[in-house]
Amino acid sequence: MLVVMRHNATEEQISAVVDTIEDMGYGARPIPGGQRTAVGLIGNDGGVDSARLEVLSGVLEVIPVTHAYKQVSREWKEDDTVITLPNGTVVGGSDLVLMAGPCAVEGEAAIVDIAHVLRDMGATILRGGAFKPRTSPYSFQGLGLEGLKYLARAREETGMMVVTEALDPDGADLVAEYADVIQIGARNMQNYPLLRRAGRSGKPVLLKRGMSATIEEFLLAAEYIIAEGNDEVILCERGVRSFAKHTRNLLDLAAIPVVQSLSHLPIIADPSHGTGLRSKVIPMARAAVAAGAHGLMIEVHADPPQAMSDGAQSLYPQQFAELMEQIRVIAKAIDRDLTPPLRPTVPAGS
Ligand code: PEP
Ligand code: MN
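No experiment lies behind these values; they were computed from the predicted model shown.

A.B. asks: Honestly, the overall build of the protein chain in this entry has me stumped. Any pointers?
C.D. replies: Each helix and strand in the protein chain was counted, giving eleven helices and 15 strands. Expressed as lengths along the three principal axes of its C-alpha atoms, the size of the protein chain is roughly 80 × 45 × 40 Å. Looking at the protein chain as a whole, 52% of its 350 residues qualify as buried. Nonlocal contacts in the protein chain, meaning residues at least 24 apart in sequence, comprise 69% of its contacts between residues at least 6 apart. Split by element, the accessible area of the protein chain, about 14900 Å² in all, is 52% carbon and sulfur.

A.B. asks: I tried to follow the coordination of the manganese ion (ligand 2) on my own but got confused; where do I start?
C.D. replies: In ideal tetrahedral geometry, four donors around a metal make angles of 109.5 degrees, whereas ideal octahedral geometry with six donors gives angles of 90 or 180 degrees. At 2.0 to 2.4 Å from the manganese ion (ligand 2) lie its protein donor atoms, namely Cys103 (SG), His273 (NE2), Glu299 (OE) and Asp310 (OD). All donors to the manganese ion (ligand 2) come from one chain, and their sequence spacing reads C-x169-H-x25-E-x10-D. Pair noted here: glutamate 299 is in strand S14 (residues 295–299) and aspartate 310 is in the loop between S14 and helix H11 (317–333), with a separation of eleven residues, a long-range link. Aspartate 310 shares its class with glutamate 299; the two are buried.

A.B. asks: Can you walk me through the packing of aromatic side chains in this structure?
C.D. replies: Two descriptors summarise a pair of aromatic rings, namely the distance from one centre to the other and the angle between the planes of the rings. Applying the stated criterion across every chain yields a total of one aromatic pair. Measuring from centroid to centroid gives 4.3 Å for tyrosine 192 and tyrosine 224, while their planes differ by 20 degrees, and the two rings are stacked. Of the two residues, tyrosine 192 is situated in helix H6 (residues 192–199) and tyrosine 224 in helix H7 (residues 215–227); the sequence distance between them amounts to 32 residues. Residue tyrosine 224 is classed as partly exposed on the basis of its relative accessible area, which comes to 26%.

A.B. asks: Sorry if this is basic, but what is going on with the site of ligand 1 here?
C.D. replies: Around ligand 1 sit Arg127, Lys132, Pro133, Glu165, Gln183, Gly185, Ala186, Arg187, Lys208, Arg238 and His273, and that is every residue in its neighbourhood. Between arginine 238 and ligand 1, the recorded distance is 2.6 Å, taken from a side-chain N or O atom to an oxygen atom. Histidine 273 places a side-chain nitrogen or oxygen 3.5 Å from an oxygen atom of ligand 1. Calculation on ligand 1 without its partners gives an accessible area of 290 Å², and the protein chains cover 97% of this total.

A.B. asks: Is there a simple way to think about H7 in this case?
C.D. replies: An α-helical turn contains 3.6 residues, so any two residues separated by three or four positions project in the same direction. Between its first and last C-alpha atoms H7 spans 18 Å; for 13 residues at 1.5 Å apiece the expected length is 18 Å, and the two agree. Those residues of H7 that sit buried are Ile215, Phe218, Leu219, Ala221, Ala222, Glu223, Ile225 and Ile226. Packed against the buried residues of H7 are strand S10 (181–184), H6, strand S11 (205–208), strand S12 (233–237), helix H8 (255–262) and strand S13 (267–269). At the C-terminal side of H7, glycine 229 shows a positive phi close to 105 degrees.

A.B. asks: For this particular structure, what's the right way to read the nonpolar core?
C.D. replies: Note on soluble globular proteins: their nonpolar side chains tend to be buried together. Of all hydrophobic cores here, the largest spans 71 residues; its most connected members are Leu118, Leu207, Leu235, Leu296, Ile298 and Phe320. Sort the elements by how many residues they give to this core and H7 lands first, with seven residues. Apart from the residues lying within four places of it in its own chain, the contact partners of leucine 207 are Ile184, Met189, Leu195, Phe218, Ala221, Ala222, Ile225, Val233, Ile234, Leu235 and Cys236. Core analysis: the second largest hydrophobic core is formed by 17 residues, Met5, Ala9, Leu41 and Val62 among them.

A.B. asks: How should the domain arrangement of the protein chain be read in this particular structure?
C.D. replies: In terms of domains, the protein chain is made up of domain 1 (2–63) and domain 2 (83–338). Centre-to-centre separation of domain 1 and domain 2, based on C-alpha positions: 44 Å.

A.B. asks: Please clarify how the packing of helix H3 (residues 108–121) against helix H4 (residues 145–158) should be interpreted in this entry.
C.D. replies: Any two packed helices are characterised by how steeply their axes cross, that is the angle between the axes, and by the distance between the axes. Contact geometry of H3 with H4 gives a least axis separation of 9 Å together with a crossing angle of 35 degrees. Read as a crossing pair, H3 and H4 show a hand that is right-handed. In contact with Glu108, Ile111, Val112, Ala115, His116 and Arg119 of H3, H4 contributes Tyr150, Leu151, Arg153, Ala154, Glu157 and Thr158. Looking at side-chain class alone, the contact of H3 with H4 contains six nonpolar, two polar and four charged residues.

A.B. asks: How should the environment of aspartate 252 be read in this particular structure?
C.D. replies: With respect to the helices and strands, the residue aspartate 252 is situated in the loop between S12 and H8. Taking the C-alpha atoms as reference points, aspartate 252 and alanine 288, separated by 36 residues in sequence, lie 9.4 Å from one another. Beyond its immediate stretch of four places on either side in the chain, aspartate 252 contacts Arg209, Glu237 and Gly239.

A.B. asks: Mind showing me how you'd approach the sheet that holds strand S2 (residues 27–32) here?
C.D. replies: In a beta sheet, neighbouring strands pair by backbone hydrogen bonds and run either parallel or antiparallel. Ordered by their spatial adjacency, four strands build an open sheet running S2-S3-S1-S4, and the pairing between neighbours is antiparallel. The sheet is open, and its two borders are formed by S2 and strand S4 (59–63), each paired with just one other strand. When the angles between neighbouring strand axes are averaged without regard to direction, this sheet yields 20 degrees. Where strand S1 (residues 2–5) and strand S3 (residues 37–42) come together, three bridges link them in antiparallel fashion.

About the criteria used
Residues numbered from 1 in each chain as written. Chains lettered and ligands numbered in written order. Predicted model: local features only at pLDDT ≥ 70, side-chain atom pairs only at ≥ 80, totals over all residues. Heavy atoms only, no water. Helix = DSSP H or I, 4+ residues; strand = E, 2+ residues; numbered from the N terminus. Buried < 20%, exposed > 50% of the residue type's maximum accessible area, 1.4 Å probe, protein only. Contact = heavy atoms within 4.5 Å. Areas by Shrake-Rupley, 256 points an atom, 1.4 Å probe, with all protein chains shown as cover. Donors = N, O, S within 2.8 Å, 3.2 Å for Na, K, Ca; no water. Phe/Tyr/Trp six-rings, centres within 6.5 Å; stacked < 30°, edge-to-face > 60°. Near = heavy atom within 4 Å. Polar contact = N/O pair within 3.5 Å; in protein donor to acceptor, adjacent residues only side chain to side chain. Expected span 1.5 Å × (residues − 1). Core = buried A, V, L, I, M, F, W, Y, C linked by side-chain atoms within 4.5 Å. Domains from an automatic or database assignment. Axes fitted to C-alpha atoms, helices over the stretch in contact; angles between N-to-C directions. Left-handed = near helix turned anticlockwise from the far one by under 90°. Nonpolar A, V, L, I, M, F, W, Y, C, P; charged D, E, K, R; others polar. Pairing = 2+ DSSP bridges.

Put into structure tokens, the structure is as follows:
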């Protein structure tokens, strides 16, 4: 961090800045220049309260020279973070991971049945919300604990891993008991008590980008989880709000290579929530793979028109099989492969 002094700052004012920095527990190095002096702050651990320096007299501005996030950054850890789940699925390696399932868990038979179908098509992680963060309080809110039990049953029967959303800190503890990966949704990306609890859960966390979050805010939210000692964080680009109305959200595919250059954490894409439209999910899924995503999260329902939530963006199972075939080819073109299936895969059209 650099504290830039006004051109007419006095020696006393510069000394006051140095004393304040030292009082805060950091090193200070005045750098005299032709026009003005700047004071470098040394040893910034991310906890510097720059407001304390901005208010000092003679200070023109305080410029951060490193990112506010630390442990999520590539400077902190150069190699990609690779997360291995109990069923052998690896997130963050060169293989693409496929997470698929309905928006919400709607019943035991429904989730177990779709899990079998998706597992046989090559997905290795089952998604499905038991606690649903709905925009309207009158919409279906999910089956809660029952839903978690049904997901656990689907895992038992298929060997797939389970990712499901926690809405609050106590919910994170509950989800950690049943699921393999705790999902934190877009609406909760900056729910700091939830991030912290998930960070202490001992389970990997799938963190979705907030609908109006900058990349810096996204990475700082991940930093909350890592700061609690949990470095198994999977980021998920799921679209941001925009002025345009042709899709539900604007799937920010540039975020994928941008995040990969700034952070060692894996990043997947969710073109289902990113577009909100079934017909746009496959093209954007293909594009996300081409952009280098480590995986995809796709909503699939046995009978989308009857889905209790997000039917309009849910693929039919057969479409998911077609998508798998297409992305296999795209992945090859960039020297990647799909995660090996848990069972022989069912080709599209069969
Ligand atoms: C979800 O994946 O079920 C979900 C609610 O997504 P998002 O948080 O991205 O809206
Ligand atoms: Mn959904």
